[in-house]
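Examination of the molecular architecture
Here are the chains, one letter per residue:
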Amino acid sequence: MPGSSEEAKSALRARLKGAFVCASAQVSQGIIARLTSLPELTAARTILAYLPLPDEPDLTPLLDRLLTTHRVALPRIDWPTRRMWGVQVRDLVADVETTRHGVRQPRPGPPLDPAEIDAVLVPGLAFDGSLARLGRGGGFYDRFLATLPPCTTGIGIAFESRILPSLPREAHDVAMDIVVTESRVLRG
């Protein structure tokens, strides 16, 4: 049936957005501890990260550390064209602004060449054991991830309670290479 996968994704998004996860600092610290030990992250020269929405794991303490040792970029979004790209930041306060839907993103700056990004930290409403990701429905990350070279590591970030047995998938959905929760690291 045409559209059935997208309908299933929309229903799942509505259910998950209604089941707010308490993003405690302790749980986020568990995720940060697992990320810190990932060789793919420590070896990366350039990392595209994100600043969390209220229901996402908060990696800000990790980003503060990475800013001293790595080149860090954040996604900048163009809402009308539904595109996103990385912009390098050096300070998570001075280089950041809050935009539509409470999204914090880098102030305007030159786009980073996707070929320079070694690792991408990707939030999601949910992931599954095959490392499929359910985003918020805008397609920003799927379109952006499709522009990265195959050697770039996609690292999904989620609360353990958001790892589901399976997710509906479409041809354009980009799976992660790794998913990190407060309890474990899943690899493809």
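Above this text you will find the structure in question.
Note that the structure is a prediction, hence the values are computed from the model and not measured.

1. Topic: the pattern of salt bridges
Scanning the model with the defined rule gives 10 salt bridges in all. Notably, a salt bridge pairs Asp55 with Arg136, separated by 2.6 Å at the nearest N-O pair. Of this pair, Asp55 sits in the loop between strand E1 (46-48) and helix H4 (60-69) while Arg136 sits in the loop between strand E8 (133-134) and helix H5 (140-145), and the two are 81 residues apart along the sequence. Arg136 sits in the partly exposed class, given a relative accessible area of 33%. Linked by salt bridges that have partners in common, Lys9, Glu170 and Asp173 make up one network.

2. Some points on the sheet that holds strand E12 (residues 185-187)
Spatial ordering of the open sheet is given by E3-E2-E1-E6-E9-E11-E12, a layout of seven strands whose pairing is mixed. Looking at strand neighbours, the two that pair on one side only are strand E3 (83-89) and E12, the edges of this open sheet. Averaged over neighbouring strand pairs, the angle between their axes works out to 25 degrees when direction is ignored. Pairing between E1 and strand E2 (residues 71-78): three bridges, direction parallel. Its bridge partner being in E2, Ile47 is matched across the sheet by Val72.

3. Describing the packing of aromatic side chains
Going through the model one piece at a time under the given rule, you end up with one aromatic pair. Where Trp79 meets Phe140, the ring centres are 5.4 Å apart and the plane angle is 75 degrees; that geometry is what we call edge-to-face. Remark: Phe140 occurs in helix H5 and Trp79 occurs in the loop between E2 and E3; sequence separation between them is 61 residues. Positioned above the aromatic ring of Phe140 is the side chain of Arg143, whose terminal nitrogen or guanidinium carbon lies 5.6 Å from the ring centre.

4. A closer look at the environment of Ile117
By the element assignment, Ile117 lies in the loop between strand E5 (104-106) and strand E6 (119-123). In this structure the C-alpha to C-alpha distance between Ile117 and Pro165, which are 48 residues apart in sequence, comes to 30 Å. Here Ile117 is in contact with Thr46, Leu48, Leu112, Phe144, Leu148 and Thr152, once residues within four sequence places are set aside.

5. A few points about the sheet that holds strand E7 (residues 126-128)
Strand order in the open sheet formed by three strands is E8-E7-E10, and the pairing between neighbours is mixed. A strand with exactly one partner marks an edge of an open sheet, and here the two such strands are E8 and strand E10 (163-164). Across two bridges, the pairing between E7 and E8 is antiparallel. Bridging from a neighbouring strand, Ala126 pairs with Leu134 of E8.

Rules behind the numbers
The residue numbers shown here count from 1 along each chain, following its written sequence. Two thresholds apply to this predicted model, a pLDDT of at least 70 for residue-level local features and 80 or more for giving and counting side-chain atom pairs, whereas whole-chain, interface and lining totals are computed over all residues. For side-chain calculations, the full set of non-hydrogen atoms in the structure is used, while hydrogens and water are omitted. Salt bridge, as used here: a side-chain nitrogen of Lys or Arg that lies within 4 Å of a carboxyl oxygen of Asp or Glu. Per the convention used, a helix needs a DSSP run of H or I reaching at least four residues, while a strand needs a run of E reaching at least two, with both numbered from the N terminus. Whether a residue is buried, partly exposed or exposed follows from its accessible area with a 1.4 Å probe, protein chains only, as a fraction of its type maximum: under 20%, in between, or over 50%, in that order. A pair of strands is labelled paired if DSSP reports no fewer than 2 bridges between them. Angles shown run from 0 to 180 degrees and are taken between the N-to-C directions of axes, each axis being a line fitted to C-alpha atoms and, for helices, limited to the stretch in contact. Geometry of aromatic contacts follows a simple scheme: Phe, Tyr and Trp rings, the Trp one being its six-membered ring, pair when their centres are within 6.5 Å, and the pair is stacked under 30 degrees between planes, edge-to-face over 60, tilted otherwise. Each ring is checked for a lysine NZ or an arginine CZ that lies within 6 Å of its centre and within 35 degrees of its normal; such an atom marks a charge sitting over the ring. The contact criterion used is simple: two residues touch if any of their non-hydrogen atoms lie within 4.5 Å.

Shape is all these values report; function is a separate question.
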